[in-house]
Structure formats: C-alpha cells, structure tokens
Amino acid sequence: MSRLPIILDTDPGIDDAVALAAALFSPALDLQLITTVAGNVSVEKTTRNALQLLHFWQQDVPLAQGAATPLVRPLRDAACVHGESGMEGYNFVAHDRLAPDIPAFQAIYNCLLASETPVTLVTIGPLTNIALLLTHYPDCVTRIKRLVMMGGSAGRGNFTPNAEFNIAIDPEAAARVFQSGLEIIMCGLDVTNKAMLTPEYLAALPTLNRTGAMLHALFSHYRSGSLSTGLRMHDLCAIAWLVKPEMFTLKPCFVAVETQGEYTSGATVVDLEGRLNQPANAQVALEIDVPAFQQWVAQTLALAP
Ligand code: RIB
Ligand code: CA
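The notes below deal with the structure included here. Sequence order as written defines residue numbering, which begins from 1 separately in each chain. Think of it this way: whatever chain is written first is A, whatever ligand is written first is 1, and the rest follow in order. pLDDT decides what is reported in this predicted model: residues at 70 or higher carry local features, side-chain atom pairs at 80 or more are listed and counted, and totals for whole chains, interfaces and linings draw on all residues regardless. Excluding hydrogens and water, the side-chain values take into account all heavy atoms of the structure.

Structural notes on the site of ligand 1
Piece 1. In the vicinity of ligand 1 lie 13 residues, with Asp15, Asp16, Asn158, Glu164 and Asp235 positioned nearest.
Piece 2. Here an oxygen atom of ligand 1 and a side-chain polar atom of Asp11 are 3.2 Å apart.
Piece 3. We call two N or O atoms a polar contact when they sit within 3.5 Å, provided that within protein one can donate a hydrogen and the other can accept it, with sequence-adjacent residues counted only if both atoms are side-chain atoms. One nitrogen or oxygen atom from the main chain of Ile124 is found 3.0 Å from an oxygen atom belonging to ligand 1.
Piece 4. Only runs of H or I of at least four residues qualify as helices and only runs of E of at least two qualify as strands under DSSP, and these elements are numbered from the N terminus. Those elements giving two or more residues to the shell around ligand 1 turn out to be helix H1 (14-25) and helix H6 (165-169).
Piece 5. When its residues are assigned to classes, the shell around ligand 1 shows three nonpolar, five polar and five charged. If even one non-hydrogen atom of a residue comes within 4 Å of a molecule or strand, that residue is called near it. Here the term charged refers only to Asp, Glu, Lys and Arg, the term nonpolar to Ala, Val, Leu, Ile, Met, Phe, Trp, Tyr, Cys and Pro, and the term polar to all other amino acids, Gly among them.

Here's the deal with the state of the cysteines
Piece 1. Disulfides are defined in this document as cysteine sulfur pairs within 2.5 Å. This structure, assessed with the given rule, holds zero disulfides.
Piece 2. No disulfide involves Cys253; its sulfur sits 13 Å from the nearest other cysteine sulfur, which is in Cys187.
Piece 3. Of the residues examined, Cys253 reaches a relative accessible area of 1% and is grouped as buried. Think of it in three bands: residues with accessible area under 20% of the maximum for their type are buried, residues over 50% are exposed, and the middle band is partly exposed, with areas taken using a 1.4 Å probe on protein chains only.

Looking at the pattern of salt bridges
Piece 1. Any carboxyl oxygen of Asp or Glu that lies within 4 Å of a side-chain nitrogen of Lys or Arg is treated as forming a salt bridge with it. Evaluated as defined, the whole model comprises six salt bridges.
Piece 2. A salt bridge links Arg73 to Glu172, with the shortest nitrogen-to-oxygen separation between them at 2.8 Å. One end of the pair, Arg73, is in the loop between strand S3 (63-65) and helix H3 (79-82); the other, Glu172, is in helix H7 (residues 171-178), with 99 residues separating them in the sequence.
Piece 3. Among the residues examined, Arg73 registers a relative accessible area of 22% and is labelled partly exposed.
Piece 4. Residue Glu172 is classed as partly exposed on the basis of its relative accessible area, which comes to 22%.
Piece 5. For Lys194, the salt bridge goes to Glu287, with nearest N and O atoms at 3.3 Å.

Let's talk about the coordination of the calcium ion (ligand 2)
Piece 1. With water excluded from the atoms, a metal site may look incomplete; its donors are any N, O or S atoms within 2.8 Å, or within 3.2 Å for Na, K and Ca. Of the protein atoms, only Asp11 (OD), Asp16 (OD), Asp16 (OD), Ile124 (O) and Asp235 (OD) coordinate the calcium ion (ligand 2), at distances of 2.2 to 2.6 Å.
Piece 2. One chain supplies every donor for the calcium ion (ligand 2), spaced along it as D-x4-D-x107-I-x110-D. Pair noted here: Asp16 is in helix H1 and Ile124 is in the loop between strand S4 (119-123) and helix H5 (128-136), with a separation of 108 residues, a long-range link.
Piece 3. On the accessibility criterion, Asp16 (1% relative accessible area) is buried.

As for the packing of helix H11 (residues 236-243) against helix H12 (residues 290-301)
Piece 1. Packing of H11 against H12 leaves a shortest axis separation of 11 Å and a crossing angle of 90°. With respect to H12, the element H11 is oriented roughly perpendicular. Here Leu236, Cys237, Ile239, Ala240 and Val243 of H11 lie close against H12, whose contacting residues are Phe293, Trp296 and Val297.
Piece 2. Classifying every residue of the contact of H11 with H12 gives eight nonpolar, no polar and no charged. Lines fitted to C-alpha atoms define the axes, with helix axes restricted to the stretch in contact, and inter-axis angles between N-to-C directions lie between 0 and 180 degrees. Small angles under 35 degrees read as roughly parallel and large ones over 145 as roughly antiparallel, with 65 to 115 read as roughly perpendicular and the rest as oblique. We call two residues in contact when some of their heavy atoms are within 4.5 Å.

Considerations on the layout of surface pockets
Piece 1. Roughly 310 Å³ of internal volume is contained in the largest pocket.
Piece 2. As for the largest pocket, its lining consists of 22 residues, and the residues nearest its centre are Val81, His82, Asn158, Phe165 and His234.
Piece 3. Looking at the lining of the largest pocket, the elements that each hand over two or more residues are H1, H3 and H6.
Piece 4. Classifying every residue of the lining of the largest pocket by side-chain character gives eight nonpolar, seven polar and seven charged. Points on a 1 Å grid, built from protein atoms alone, make a cavity when a 1.4 Å probe fits but cannot get out and make a pocket when they are open with protein on both sides within 12 Å along at least 5 of 7 lines; residues with an atom within 4 Å of a point are the lining residues. Grid points are joined across faces, edges and corners, and a volume is the space filled by probe spheres set on the points.

A word on the sheet that holds S3
Piece 1. In this analysis, strands are considered paired if DSSP registers two or more bridges between them. What the nine strands build is an open sheet, ordered S3-S2-S1-S4-S5-S6-S12-S10-S11; its pairing is mixed. A strand with exactly one partner marks an edge of an open sheet, and here the two such strands are S3 and strand S11 (268-271). Averaged over all neighbouring strand pairs, the angle between strand axes comes to 30°, with direction disregarded.
Piece 2. As defined by bridge partners, strand S6 (residues 184-187) adjoins strand S12 (residues 282-288) across two bridges and the pair is classed as parallel. What sits directly across from Met186, in S12, is Val284.
Piece 3. Packed on one face of the sheet, helix H4 (residues 104-114) meets strand S1 (4-10), strand S2 (29-36), S3, S4 and strand S5 (144-150) and runs near 155° to S2.
Piece 4. Contacting S1, S2, S4 and S5, H5 runs over the sheet at an angle of about 140° to S4.

Structure representation (structure tokens):
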C-alpha cells in the first residue's frame, strides 16, 4: 500500500497531540514535515510541545517553527483549554532537540519542491503559515494535493458565538486560504464536536501503552469536555478523514470567512443552500459516523508505542 505524503501544521495543544500520534502511527500516512504555529499557546510553546512529543515517540520527522502572531491581529490563545504550557499534565523528559532556523512556510515549500508527487497539507491550528506560504510562493498550489483542515463551522462557534478557534485567531489567513483555489476538506465543529472519546475508553487509556498513559495524563487537563463525560477530538478528525474518509459525509459549498464583523470576525459563512451563487471552494464535513470513528481511534492508538 503506498503511503500518503502529508505535512502537518499544528499548535499543540492537547488534541493536536492525539492527531500527531495518529499521523505518526497510521500505516497509510507518510508524515514528511511538522510545522508549528501560534494558536493554543505561543509558537515557542507549541514548538517546544511538538519537540517533546517527537522525543517521547523517538521520531525524527523534520520540524520547523512558524508564525508567532496572526497576519494582522494580536494573538489570542486557548491556554484556558490546554493549560499554560499548552500540554499540561505530563512531565516529558528533558531532551536537546531544537527547531532549525528556517520559517515554517519556507520549510513547507522546500518539502513540496522535494516531493515527486503532490503533498497533502493537514492544518490543525490557525492558518497563518499557509497564508504566508501562498503569499511568498504562489506556485506552491500546483504541488499541493489538497488541504485538509480542522477549522470553521457551518453553525455556531467555540471561541466566539460564531467563530471556531482556528479560524477566529487569524481570519485574514483563513480567508486567503479559502480564496486560494486549493481543494479544501473542511472538518469543522459540525463533526468535531461529535467526535468524542467515551469515558469508558478514556478510563482504559492508562493501561493501553505508553502513549495511552501520556495522553490520559494530558486529558486530565483538557477542557473540551471531561474524562467523566467524554472528550472532543477536534484535530483528530482531520487525520481520520485522510485515513477513512468514508466515516464522513461532505458537501461541496462556497465558504467565505468574515474578517470585518465587530462580533462575527472569524466566522466561516458556509453557503449550504447555494444562496450566494458562488462556486464551491470547499468540501464541508457535515456528518461523522461516530462509532466508526471511535473504533478507528482505538485501532490507531493501539499501534502507538
Ligand atoms: O476549535 C478547535 C481547535 O482549536 C483545535 O485545533 C484545538 O487544538 C484548538 O486549536
Ligand atoms: Ca489545534
């Protein structure tokens, strides 16, 4: 089976950590590069967290640090959800790994140039790095197979009433991405809010393997649900779609990102009924087969060390 080459842009982030585990240990995927971005916490912290995870799993995937701030707005973070460190709850061992001195958008472009086939971009944080890539290297679009994102919502938000966090932090970047012409798979809150790990599965994690024990320690500090009611695996949905797209129901839609609204900036305006007479620029995930997702998660995390 040929493995799908992917680049993962991430802001770890506790649910990002689960997505990274799935990206590393899914046999169908070939994780060629990890890039970090400011989002859940500062880019220094998201980079430190990503390096800690690579060390934990003894993996040597290339990594590059990305944007420290959104394109034009000040950074607002989600430390209230993930803890001040961005991955509160587990004492990772010390290591001497460092991110190389190259910006993420440059590392992504270099990776695209080096690949013999188009590469899939997977974004599970704000889209700042991707907007910078598109601005600095417009020709990159011919080397990108598609962009699969955790982001947005056809309905309500989770950071503001109308905006999902990854879009809300950098609406200008998200607007640039949705206007790019890239094939986009949008896994938004419509499916990620349903992508829950059950209390029963969570309770069994500590004895699954080292990864389960580490993730369970992090989950005790993760505020998108709880250990007793279940935890929402937002970012994992982007990886799940790559590996088992049949678990999702998509609809081609025109999606615009609001950047001017005093109360609504960061909202993804998903034109489900085609009222704006604009061509679809994204495939929006509206439904997820939750039992199948939960079975896939269990199978995938069991492959981790
Ligand atoms: O809205 C959920 C998204 O915001 C996830 O990517 C989570 O990690 C946070 O960044
Ligand atoms: Ca994230």
